[in-house]
Amino acid sequence: MKEKGKIKLGISIGDLNGIGCEVALKTFLDSRMMDFCTPVIFASNKTISQQKNELGLNVGFNGVRDASQVIEGKINIVNVWKEVPKIEFGKATEEGGKYAIKSLRAAVQALKTDKIDVLVTAPINKNNIQAEDFKFPGHTDFLAQELNGESLMFMVADSLRVGLLTDHIAVKDVAEAITPKLIRDKVSTMVNSLKMDFGIRKPKIALLGINPHSGDNGTIGEEDDKILKPVVQDLFNKGILAYGPYSADSFFGSNTHENFDAVLAAYHDQGLIPFKTLSFGKGVNYTAGLSKVRTSPDHGTAYEIAGKREADESSFKEAVFAAIQVLRNREEYIKLNKNPLQKQKTKKAS
């Protein structure tokens, strides 16, 4: 638990040709952010100098060799590489992907060894990160491997929380991928996260149907009737407040989501289209179910505006606040649930 000093907030810099550096540096141009955490960016002094000069950002920083050497009240740069990678704003290059992964690996290693407390990841390009030693569709799968957990892609914005049963897979593979075990695992991860990370004692969650109109009683596919409904009913019978499946087309438009603490969507766009429509600029991608806290902004590399000084840092700033709040909630949860037998003995004695 974090008891001394400010939270050390690690930042992996993402694709150097995208807006990752820009939104990260803009976030901490506001000196008030230093009241909440100490930023630790994994890149290099030369790369950050190059980025800030290209973007016209007047920001100072402190370069260190290791995350254990950071100084509070400053933007700290951990020097992961010595060379100067070529920056080509707006282009998906092999070099851009290579250094995005170098930054991510270094940041995750620091997280695993408690040299930083939480991690915020800037956007990567899922194509140019692929390499012989990195064959993951994105951050989430890599982090699940490294941080020991059943990960859940969880999009959050205030009281709006949307998780995904399946995330980065083709639509044609969705129905086959959804099994009773997957549903149980994702619901369990979501419920535990809502309790531990968001302070909700008895979470109430809604599941969206796989097919249009949740299959219309088998008229438009049988997956909802044969897979989703029985599992949801069984979970409910066991005391988990899971409801559904609900028809996805009208669920958000009718504000039904406001009756639940979280929503579990069947696939990527079913969940993210309404989420981003309702919250764009304020949304955060949180990876629930891991041993450590990781968040990211709800946008991608935004190559189309990279290098033009037009990037809005709002979502990145929200990702910073979310990471801090989740860590604090976890600390409080652990404190309240530590040795319950001891607490009972104390009550009896008094």
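Residues numbered from 1 in each chain as written. Predicted model: local features only at pLDDT ≥ 70, side-chain atom pairs only at ≥ 80, totals over all residues. Heavy atoms only, no water.

### Things to note about the overall build of the chain
- Check the secondary structure of the chain and you find 11 helices and 12 strands.
- With respect to the principal axes defined by its C-alpha atoms, the chain has extents near 60 × 60 × 35 Å.
- A burial count over the chain gives 51% of its 350 residues as buried.
- Residue pairs at least 24 apart in sequence account for 73% of intrachain contacts in the chain once pairs closer than 6 positions are excluded.
- As displayed, the chain has an accessible area near 16500 Å², and 48% of this comes from carbon and sulfur atoms.
- Taking the average place of the 47 positive charges on the side chains of the chain and the average place of its 43 negative ones, the gap between the two points comes to 8 Å. (Helix = DSSP H or I, 4+ residues; strand = E, 2+ residues; numbered from the N terminus. Buried < 20%, exposed > 50% of the residue type's maximum accessible area, 1.4 Å probe, protein only. Contact = heavy atoms within 4.5 Å. Areas by Shrake-Rupley, 256 points an atom, 1.4 Å probe, with all protein chains shown as cover. Lys, Arg positive; Asp, Glu negative; His and termini not counted. Charge placed at Lys NZ, Arg CZ, Asp CG, Glu CD.)

### Considerations on the nonpolar core
- Counting 68 residues, the largest nonpolar core has L9 and F154 as the members making the most contacts within it.
- Here this core takes 8 residues from helix α10 (residues 314–337), the largest share from any one element.
- Counting 24 residues, the second-largest nonpolar core is a separate cluster that includes I101, L104, F142 and L143. (Core = buried A, V, L, I, M, F, W, Y, C linked by side-chain atoms within 4.5 Å.)

### A word on the packing of helix α1 (residues 20–27) against helix α2 (residues 45–55)
- Viewed as axis vectors pointing N to C, α1 and α2 meet at an angle of 85 degrees, and their least axial separation amounts to 10 Å. Overall, the two elements α1 and α2 adopt an arrangement that is roughly perpendicular. When α1 is examined against α2, the residues C21, E22 and L25 are found in contact with a partner set consisting of I48, Q51, K52 and L55.
- Considering only residue class, the contact of α1 with α2 consists of 4 nonpolar, 1 polar and 2 charged. (Axes fitted to C-alpha atoms, helices over the stretch in contact; angles between N-to-C directions. Parallel < 35°, antiparallel > 145°, perpendicular 65-115°, else oblique. Nonpolar A, V, L, I, M, F, W, Y, C, P; charged D, E, K, R; others polar.)

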